[in-house]
Amino acid sequence: MPFFLAHLSKAHAELGQLDDAWRCIGEAMTAVETTKERWYEAEINRIKGEIALKLPQLSSSQAGAYFERALTVARAQQAKSWELRAAMSMARLWHDQGMREKARALLAPVYGWFTEGFDTLDLKQAKVLLDVLAS
């Protein structure tokens, strides 16, 4: 259930239905806590951070807290793909805040862990972001 609620939340956000997106991602978090189905927890936190960035009543520091939680969960689960996504979200936020070096220092080692799959969308996007951060 958390997986589907998170995707529903993303769809609402992409359609600009931010209140519905926020409600659905909240339901996904509640479902994680009640069912203990934690395999998607890191990604749910990351998505919550992305939605928080779009909501005018929430600050970027709140979004950053969700990204940090996503990173913590992904690292604890040794889920490198989720860690990469969370690191990209945090790096984009830091880049937008003028913290380019900090963003690169976070993302580069996560990206460097991968030895294959460089044709996947996540790794392609990470490479583009690292190139932006390096320039």
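The notes below deal with the structure included here. (Residues numbered from 1 in each chain as written. Predicted model: local features only at pLDDT ≥ 70, side-chain atom pairs only at ≥ 80, totals over all residues. Heavy atoms only, no water.)

A closer look at the overall build of the protein chain
Scanning the protein chain from terminus to terminus reveals seven helices and zero strands. Reading the secondary structure of the protein chain in the N-to-C direction produces α-α-α-α-α-α-α. Taking 2.2 N^0.38 as the reference for a compact globule, 135 residues should give roughly 14 Å; the C-alpha atoms of the protein chain span a radius of gyration of 15 Å, in line with that estimate. Put simply, the protein chain has 135 residues, and 43% of those count as buried. Here the analysis covers contacts within the protein chain between residues at least 6 apart in sequence; of these, 52% occur between residues at least 24 apart. About 7,200 Å² of surface is accessible on the protein chain, with carbon and sulfur atoms providing 57% of the total. Both charge centroids of the protein chain, one from 17 positive and one from 17 negative side chains, sit 3 Å from each other. (Helix = DSSP H or I, 4+ residues; strand = E, 2+ residues; numbered from the N terminus. Rg over C-alpha atoms; globule rule 2.2 N^0.38 Å. Buried < 20%, exposed > 50% of the residue type's maximum accessible area, 1.4 Å probe, protein only. Contact = heavy atoms within 4.5 Å. Areas by Shrake-Rupley, 256 points an atom, 1.4 Å probe, with all protein chains shown as cover. Lys, Arg positive; Asp, Glu negative; His and termini not counted. Charge placed at Lys NZ, Arg CZ, Asp CG, Glu CD.)

Points about unusual backbone geometry
Phi at K36 is positive, roughly 65°, even though this residue is not glycine. In this fold, K36 is placed in the loop between α2 (18-35) and α3 (41-54). Phi is positive for Q78, which is not a glycine, with a value near 55°. In this fold, Q78 is placed in the loop between α4 (60-77) and α5 (80-96).

Quick look at the packing of aromatic side chains
What the rule picks out here adds up to eight aromatic pairs. Both rings, one in W39 and one in Y40, keep their centres 5.1 Å apart while their planes meet at 55°; by these two values the pair is tilted. A relative accessible area of 3% places Y40 in the buried class. An aromatic cluster of at least three residues, connected via ring pairs, comprises F3, F4, W39, Y40 and W82. Note that K48 overlies the ring of W22, its terminal NZ or CZ placed 5.2 Å from the centroid. Sitting over the ring of W94, K102 keeps its end group 4.4 Å from the ring centre. (Phe/Tyr/Trp six-rings, centres within 6.5 Å; stacked < 30°, edge-to-face > 60°. Lys NZ or Arg CZ within 6 Å of the ring centre and 35° of its normal.)

Observations regarding α4
In a regular helix each residue adds 1.5 Å, so 18 residues correspond to 26 Å; α4 covers 26 Å between its end C-alpha atoms and thus fits that length. The set of residues buried in α4 consists of A63, G64, F67, A70, L71, V73 and A74. Turning to α4, the residues buried within the fold contact α3, α5 and α6 (100-113). Phi turns positive one or two residues past the end of α4, at Q78, with a value near 55°. (Expected span 1.5 Å × (residues − 1).)

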